[in-house]
Amino acid sequence: MPPRDKRIEIFVDPVMSDTLDQVCEEQGLESHEAAIEFLLSRGIRIGGNKITGRGRALYEVKRGPSD
């Protein structure tokens, strides 16, 4: 089976273009495509951490006198 082309076409309005330019500048990326990939990967990583609870602090549970 031949490899699938995983590219998709994304239409970018002027406001999004400005945002992608800013991300490229801040992250040292060369293209809007790289900025979109960076933002998607970051969003997936952050979302996964929120679901799994990774990165959260653990606190001791204080027990009352009945324990």
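Figured I'd write up the structure that's included with this text.

## Some details on a negative patch on the surface
Link 1 in the chain: On the surface, Asp13, Asp18, Asp21, Glu25 and Glu26 cluster together into a negatively charged patch.
Link 2 in the chain: Structurally, Asp18 is set in helix α1 (residues 14-27).

## Overview of helix α2 (residues 32-52)
Link 1 in the chain: Over its 21 residues, α2 extends 30 Å from the first C-alpha to the last, a length consistent with the 30 Å expected when each residue adds 1.5 Å.
Link 2 in the chain: Directly beyond the C-terminal end of α2, a positive phi value near 85° is found at Gly53.

## Describing the nonpolar core
Grouped burial of nonpolar side chains is what soluble globular proteins tend to show.
Link 1 in the chain: The biggest cluster of nonpolar side chains holds 5 residues, and these are Leu20, Val23, Cys24, Ala35 and Ile36.
Link 2 in the chain: For this core, the secondary structure elements donating two or more residues are α1 and α2.
Link 3 in the chain: By residue number, the principal contributor to this core is α1, which donates 3 residues.
Link 4 in the chain: Among residues more than four places away in sequence, those in contact with Val23 are Gly28, Leu29, Ala35, Phe38 and Leu39.

What counts and what doesn't
- Residues numbered from 1 in each chain as written.
- Predicted model: local features only at pLDDT ≥ 70, side-chain atom pairs only at ≥ 80, totals over all residues.
- Heavy atoms only, no water.
- Patch = residues over 30% accessible without salt bridge, like charges linked within 9 Å, V, L, I, M, F, W, Y side chains within 5 Å.
- Areas by Shrake-Rupley, 256 points an atom, 1.4 Å probe, with all protein chains shown as cover.
- Salt bridge = Lys/Arg side-chain N within 4 Å of Asp/Glu carboxyl O.
- Lys, Arg positive; Asp, Glu negative; His and termini not counted.
- Charge placed at Lys NZ, Arg CZ, Asp CG, Glu CD.
- Helix = DSSP H or I, 4+ residues; strand = E, 2+ residues; numbered from the N terminus.
- Expected span 1.5 Å × (residues − 1).
- Core = buried A, V, L, I, M, F, W, Y, C linked by side-chain atoms within 4.5 Å.
- Buried < 20%, exposed > 50% of the residue type's maximum accessible area, 1.4 Å probe, protein only.
- Contact = heavy atoms within 4.5 Å.

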